[in-house]
Amino acid sequence: QVQLVESRGGLAQPGGSLRLSCAASGRIFSGNAMGWYRQAPGEQRELVADISSSGTTNYADSVMGRFTISRDNARNTVSLQMNSLKPEDTAVYYCNLRQQYYAYWGQGTQVTVSS
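Described in the following lines is the structure provided in the data block. Residues take numbers from 1 onward in each chain, read along the sequence in its written order. For this predicted model, a pLDDT threshold of at least 70 governs which residues receive local features, and a threshold of 80 or more governs which side-chain atom pairs are given and counted, while totals over whole chains, interfaces and linings are taken from all residues. Side-chain metrics rest on all non-hydrogen atoms present in the structure, leaving aside hydrogens and water.

**A look at the packing of aromatic side chains**
Next, step 1: Centre distance within 6.5 Å is the pairing criterion for rings of Phe, Tyr and Trp, where only the six-membered ring of Trp is used; planes under 30 degrees apart are then read as stacked, over 60 as edge-to-face, and the remainder as tilted. Tallied over the full model, the rule gives three aromatic pairs.
Next, step 2: Relative to tryptophan 105, the ring of tyrosine 37 has its centre 5.0 Å away and its plane inclined at 70 degrees; by these criteria the two rings are edge-to-face. Of this pair, tyrosine 37 sits in strand β4 (residues 33–39) while tryptophan 105 sits in strand β10 (residues 102–105), and the two are 68 residues apart along the sequence.
Next, step 3: Exposure classes here rest on a 1.4 Å probe applied to the protein chains alone. A residue is buried below 20% of its type maximum, exposed above 50%, and partly exposed in between. On the basis of relative accessible area, tyrosine 37 is assigned to the buried category, the value being 17%.
Next, step 4: Classification of tryptophan 105 by relative accessible area gives partly exposed; the value is 37%.
Next, step 5: Taken together, the aromatic side chains of Tyr37, Tyr94 and Trp105 make up a single cluster linked through ring pairs.
Next, step 6: The criterion for a charge sitting over a ring is simple: Lys NZ or Arg CZ within 6 Å of the ring centre, and within 35 degrees of the ring normal. Lying across the ring of tyrosine 94, arginine 45 places its NZ or CZ 3.7 Å from the centre.
Next, step 7: One Lys or Arg, arginine 45, reaches over the ring of tryptophan 105 and ends 4.6 Å from the middle of that ring. Numbered from the N terminus, helices here are DSSP runs of H or I no shorter than four residues, and strands are runs of E no shorter than two.

**Some details on the environment of methionine 82**
Next, step 1: Looking at the secondary structure, you find methionine 82 in strand β8 (residues 77–82).
Next, step 2: C-alpha separation for the pair methionine 82 and leucine 20, spaced 62 residues apart in sequence, amounts to 8.0 Å.
Next, step 3: Residue contacts follow a heavy-atom distance rule, with two residues in contact if any of their heavy atoms lie within 4.5 Å. Excluding residues within four positions of it along the chain, methionine 82 makes contact with Gly16, Ser17, Leu18, Leu20, Arg66, Phe67, Tyr93 and Val111.

Below is the structure:
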């Protein structure tokens, strides 16, 4: 089993920044992928960004150039640096780990962008 614990999100003004972190524990195998998804009210959960164990990244078009995903394989952590935040970035953000055909999720953390 794998557990994912996310840092608290928060409130930011438009144009501001926030950083999310997630720590994974349990039976973690090499070659996994970690990432962040988000879900706004009334919307489907969508990929924000993910990163392979070798560091290959993938971003949603809506966050390209504003968000940066990174990971520390030794500590089994993944982070999401969010800059130039927009009101449409408001959502619950979920940490995700995929390995051996299974996907694991964090509990979700609220990010609100508002003036």
